[in-house]
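For reference, the chains in residue letters:
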Amino acid sequence: MKRLTLAGLAVLMLVGTALALPARASAHALAQSSVPADGATLQSSPADVTITFGETPDPSLSSISVVDTSGTSWTAGPTVVNGATSLQLRAPLKHLPRGSYTVTWRTVSAVDGHQASGAFSFGVGVSPGSAKATSSVAPTAPSPFAVVARLLLFVGLIVVVGSVTLGFGAFGGPTPLLRRTIAAGAAVSLLGTAGVTGAQISGAGVALSGVLGSSLGRSLILRGVPVLVLLVATAFLLRGRWLRPLALVAGVAALGAMLVDATNSHAAGESPATLNEFAQWLHIAAVGVWIGGLVALLVSVMGAPSDQKAHAARRFSKLAGIGLLVVAATGVFRAVIEVQTWGNLVGTAFGVLVLLKIGLIVILAGLGAINRYRNVPNVPRMLHALRRVVTTEVIVALGALTVAAALVNVAPPAEYAPAAAQAVQPVVASGSDFGTTVKVHLTVSPGTAGLDTYTLTVNDYDSGQPVDARRVELTFTLPNQTIIASSNLLLSRSASGVYNARAANLAVDGTWNVVALIEQGMQSVEVPLTLTTRSTPPVVTVTPFTGLPTLYTIHVTHERSAQVYIDPDKPGATEFHVTFLDARGNEIPIASAAVSDTAPGGSRMNLTLRRLDSIGHFVADANVRTGSSRFDIIASTASGEVLSTYIELSPGS
Amino acid sequence: MRTRALTLAGAALLTACGGGTGTSIPTSTSSAANRPATSAQVSIVSPSPGALIRGNTVHVAIALSGATITRVYSTTITPTLGHIHLYLDNQLIYMNYTLQQDVTVHPGLQYSLYAEFVASDHFPFHPRDVTNTIFFSVAPS
């Protein structure tokens, strides 16, 4: 009882550790954001499409294509890694004429070989609403072949581990029947390994020659080595020489193959990777001891005298108990990391499979308990009942392993979350007029620069009743700059107290002042609001220097960057420098520029920008606080191009 | 058996608890780099320390030896090429790739002035090539 309580505590500690770890799961290379963004309306042709993924894609096996509504391709070259970060892929484009475009992407994860695909659309000069593809982000569905292959791999390896463990634990070495079981397990694991790599190569849609230099090729070699060692050890084992050392080699090789599988699984894409990979490996190794041992027990006692069967059952029962606890602890740990929320547990395919697996393991635990506490203490009298329960356990375990094989091929819900949130989360703002007459709530969807849908609800400040206004209008101003002029948008009434419109007043990324004008009869009220567009975080190259301020290069577009530093690089009075550069590193002639500083806590101040040369170098006095300050930068080039970006700086950090 | 079942049930219940996902800006950080040093000598010729300036402008003249001013922006740093950053009361002011500049000042105030020779990417050398800070006053009007 005391041991069980301690084991329970160990499980809870592991779960606690999982909860305390930073949540990040990205076992498939799914798109998290893109430039242009999904649904964006651009004023001019972008030079390329850049997609940021949640996990490193293998560029040699991944692709981005861009087509117009007639299906004509507009990519100007192959998909490549985008410079600084391996998480980004970029496809260069030809000059796009006005129209709607559909971007489709397909990735093979460099971490675990899983495939994923998706599509989104954007427009040049027009809304992408008429594009034929709707936004989607999804891993490629697992094929039955991939699931069966993974099941064979699991079954083969756990039978080897279980047979070796039982051999040493109950018989002092591998018996002839166990040696044949090990050989069968090795053969099945070979089939499984071939199947898993075959399924990955087939899913990647490339020829074998293209695989060799890729992450899949490296995975193929890594998987093959321990399986080959296992096969060689097994071949010698069947000859009946050096039984104990060879059985040990076979067991270690099987554990090695499990380790390779763990380091090429969902676990490898999660943080911290080493801990997750170790937990994953421990999980499958413990399944080997427990379930593999069960299979080995069934086989090894066939035809044996009753007392030998009873001895083997008693010894195995202890091993199985340990195996079960490790399986439960590591399984829960991994599930918490991957599933993350209650909603994901019941609302996603991955979560449902986890629930199913937990259910099957609980059944297995129950069956194990029947054997441990009722049948094993009474062998050889209860041998028949013991065998019947063990047979049932093996069948249920096969079901659990099938579910596990499917889980390996399904993306954990955690990796959908950023993409899904990115795709649907609108920008909202609420406020009331100075005289507290009305309350308004403005929803801007998708909330990115460009075409958006605006929905304003107006309610009486005191009663909360919808307010039917004669006229509702929004005025948009990007403060402290003269580059983007203020604009107005008249909203139409769609229901009582609800007004909406679709327009592109949020012309560039940034924090906008929006004033809602509500006219009722002869009276009108104004409600000031502040909106920050939902933008793809800019890619920033950080260059720290010994004894000097840190230099930040913000990649505004593929061809434009802004080089920023603050001097001195510490909280207090400082100078904010910004220089605008083109793709070749030359200064871009800037007609006008503006910068605002949003301090930690949210207070925003417009900085007075001064020219330091006649081209593109500006400086502003700033007083930065300790913590992260956001600097919004907007500039207009001499040729009329508008550059808008931001950077978050933590001075002195 | 009951204890084991309870432990498993508890673990299963805890399975779905967890935090949300974090976000991150795709950023690459290189290890601390070394900036090149310059042997250029920079000094303030005018105004002289403690000078009393009359009028609304002060003529600032900088002497630079061992390097030349370049207007070309480049990330390829040459220790003998760059330009001057001029700081009046710790505020960087326009110098436009020259060694002389008339700077507006206000009567009756005292000012500090120093200059720095920076590289062609507008970023300092290491160690920084900075003049001594001088102080001057502007006569009351």
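Just so it is clear, the model here is predicted, and its values are computed rather than measured. (Residues numbered from 1 in each chain as written. Chains lettered and ligands numbered in written order. Predicted model: local features only at pLDDT ≥ 70, side-chain atom pairs only at ≥ 80, totals over all residues.)

1. Structural notes on the overall build of chain A
Helix and strand counts for chain A come out as 12 helices and 27 strands. Per-residue burial for chain A yields a buried fraction of 52% across its 653 residues. In chain A, once contacts between residues fewer than 6 apart in sequence are set aside, the share between residues at least 24 apart is 67%. (Helix = DSSP H or I, 4+ residues; strand = E, 2+ residues; numbered from the N terminus. Buried ≥ 20, exposed ≤ 12 C-beta atoms within 10 Å, placed from the backbone. Contact = placed C-beta atoms within 7 Å.)

2. Some points on the overall build of chain B
When helices and strands are tallied, chain B shows 1 helix and 11 strands. The 141 residues of chain B split such that 28% are buried. Contacts in chain B between residues at least 24 apart in sequence constitute 66% of all its contacts with a sequence separation of at least 6.

3. Some details on the environment of Pro78 of chain A
All names here are of chain A. Following the sequence through the fold, Pro78 ends up in the loop between strand 4 (63-68) and strand 5 (80-81). Overall, the presence of 12 C-beta atoms within 10 Å leaves Pro78 in the exposed class. Through-space distance from the C-alpha of Pro78 to that of Leu93 is 9.9 Å; in sequence the pair is 15 residues apart.

4. Some points on the pairing of strand 20 (residues 560-567) of chain A
Put simply, side chains in a regular strand alternate between the two faces of the sheet. All names here are of chain A. Within strand 20, 6 of the 8 residues are buried, which leaves it mostly tucked inside the rest of the structure. One ladder, built from 8 bridges, connects strand 20 with strand 21 (residues 572-582); its direction is antiparallel. Bridge pairing links Ala562 to Phe580 in strand 21. Where strand 20 hands over to strand 21, the hairpin turn is made up of 4 residues, counted between the paired strands. (Pairing = 2+ DSSP bridges.)

5. Examining unusual backbone geometry
Cis geometry marks the peptide bond from Asp567 of chain A to Pro568 of chain A, where omega comes out at 0 degrees. A cis amide bond, omega 0 degrees, links His126 of chain B with the succeeding residue Pro127 of chain B. Relative to the elements of secondary structure, Pro127 of chain B occurs in strand 10 (residues 124-130). Despite not being glycine, Thr436 of chain A shows a phi value in the positive range, around 50 degrees.

6. Some details on the nonpolar core
Residue and element names in this part refer to chain A. One finds Phe154, Val160 and Ala250 to be the most contacted residues of the largest nonpolar core, which totals 95 residues. Contributions of two or more residues to this core are made by helix 2 (144-170), helix 3 (176-204), helix 5 (215-238), helix 6 (243-263), helix 7 (273-300), helix 8 (306-339), helix 10 (349-375) and helix 11 (383-408). Tallying contributions element by element places helix 8 first for this core, with 18 residues. Setting aside residues up to four positions removed in sequence, Phe154 forms contacts with Ile284, Leu401, Ala404 and Ala405. (Core = buried A, V, L, I, M, F, W, Y, C linked by C-beta atoms within 7 Å.)

7. Remarks on the sheet that holds strand 5 of chain A
Residue and element names in this part refer to chain A. If you walk across this open sheet you meet the 4 strands as 1-3-6-5, and the pairing is antiparallel. What marks the edges here is a single partner per strand, and that holds for strand 1 (31-35) and strand 5. In terms of strand pairing, strand 5 meets strand 6 (residues 88-92) through 2 bridges, oriented antiparallel. Residue Val80 lies in a different strand from strand 6, and its bridge partner there is Arg90.

8. Side note on the sheet that holds strand 4 (residues 57-65) of chain B
All names here are of chain B. Across the sheet, which stays open at both edges, the 3 strands sit in the order 2-4-8 with antiparallel pairing between neighbours. At either margin of the open sheet sits one strand with a lone partner, and together these are strand 2 (41-46) and strand 8 (100-104). Adjacent strand axes in the sheet meet at a mean angle of 30 degrees, parallel and antiparallel pairs treated alike. One ladder, built from 5 bridges, connects strand 4 with strand 8; its direction is antiparallel. The residue bridging His59 from the neighbouring strand is Asp102, located in strand 8. (Axes fitted to C-alpha atoms, helices over the stretch in contact; angles between N-to-C directions.)

9. Digging into the packing of helix 5 of chain A against helix 6 of chain A
Residues and elements named next belong to chain A. Contact geometry of helix 5 with helix 6 gives a least axis separation of 8 Å together with a crossing angle of 160 degrees. Considering their axes alone, helix 5 and helix 6 lie roughly antiparallel with respect to each other. As for how helix 5 packs across helix 6, the hand of that crossing is left-handed. Between helix 5, through Leu222, Arg223, Pro226, Val227, Val229, Leu230, Ala233, Thr234, Phe236 and Leu237, and helix 6, the contact on the second element is made entirely by Leu243, Leu246, Ala247, Val249, Ala250, Ala253, Ala254, Gly256, Ala257 and Val260. When grouped by side-chain class, the residues that make up the contact of helix 5 with helix 6 number 17 nonpolar, 2 polar and 1 charged. (Parallel < 35°, antiparallel > 145°, perpendicular 65-115°, else oblique. Left-handed = near helix turned anticlockwise from the far one by under 90°. Nonpolar A, V, L, I, M, F, W, Y, C, P; charged D, E, K, R; others polar.)

10. Digging into the confidence of the model for chain B
Residues and elements named next belong to chain B. The pLDDT averaged across chain B works out to 79; a share of 77% of its residues lies at or above 70. When mean pLDDT is compared element by element in chain B, strand 11 (residues 134-138) scores highest at 96, while helix 1 (residues 2-14) scores lowest at 36. The low-confidence segment residues 1-26 (pLDDT under 50) makes 63 contacts with residues lying over four places distant or belonging to another chain. Interface predicted TM-score (ipTM) for the complex: 0.77; the corresponding pTM is 0.50. (pLDDT = per-residue confidence, 0-100.)

11. With respect to the pairing of strand 17 (residues 523-532) of chain A
Residues and elements named next belong to chain A. As paired elements, strand 16 (residues 511-520) and strand 17 share 10 bridges and run antiparallel to each other. Counted as the bridge partner of Leu517 is Glu526 from strand 17. Between strand 16 and strand 17, which pair antiparallel in sequence order, lie 2 residues; one of them, Gly521, sits at a positive phi of approximately 60 degrees.

12. Looking at the packing of helix 2 of chain A against helix 8 of chain A
All names here are of chain A. At their nearest, the axes of helix 2 and helix 8 sit 9 Å apart, and the two run at 120 degrees to each other. Comparing the axis directions of helix 2 and helix 8 gives the class oblique. The chirality of how helix 2 crosses helix 8 is right-handed. Residues Thr165, Leu166, Gly169 and Ala170 of helix 2 form the contact with helix 8, whose participating residues are His311, Ala312, Arg315, Phe316 and Leu319.

13. Describing the confidence of the model for chain A
Residues and elements named next belong to chain A. The share of residues in chain A with pLDDT of 70 or more is 87%, and the mean pLDDT across the chain is 81. Low pLDDT, under 50, characterises residues 9-27; the predicted model gives this stretch 57 contacts beyond four residues in sequence or across chains. Residue range residues 130-138 is modelled with pLDDT below 50. Its contacts to residues more than four positions away, or to other chains, number 25 contacts.

14. Concerning helix 5 of chain A
All names here are of chain A. Taking 1.5 Å per residue as the helical rise, helix 5 with its 24 residues ought to reach 34 Å, and the 35 Å between its terminal C-alpha atoms agrees with that figure. Burial in helix 5 covers these residues: Ser215, Leu216, Ser219, Leu220, Arg223, Pro226, Val227, Leu230, Ala233, Thr234 and Leu237. Looking one or two residues beyond helix 5, the residue adopting positive phi is Gly240, at roughly 85 degrees. (Expected span 1.5 Å × (residues − 1).)

15. Considering the environment of Val508 of chain A
Residue and element names in this part refer to chain A. Along the chain, Val508 falls in the loop between strand 15 (498-503) and strand 16. According to the C-beta neighbour criterion, Val508 is buried, with 20 such atoms within 10 Å. It is 8.8 Å that separates the C-alpha atoms of Val508 and Thr645, two residues lying 137 residues apart in sequence. Look past the residues within four positions of Val508 in its chain and what remains in contact with it is Ala449, Ile484, Ile634, Val642 and Ser644.

16. Here we look at helix 2 of chain A
Residues and elements named next belong to chain A. The first and last C-alpha atoms of helix 2 sit 37 Å apart over 27 residues, in line with the 39 Å expected at 1.5 Å per residue. The buried fraction of helix 2 amounts to 22 of the 27 residues, a majority that puts the element mostly inside the structure. Within two residues after helix 2, Gly172 carries a phi angle of roughly 75 degrees, on the positive side.

17. Concerning the environment of Phe154 of chain A
Among the structural elements, Phe154 of chain A can be located in helix 2. Once the C-alpha coordinates of Phe154 of chain A and Asp261 of chain A are considered, the two residues, 107 residues apart in sequence, prove to be 9.6 Å apart.

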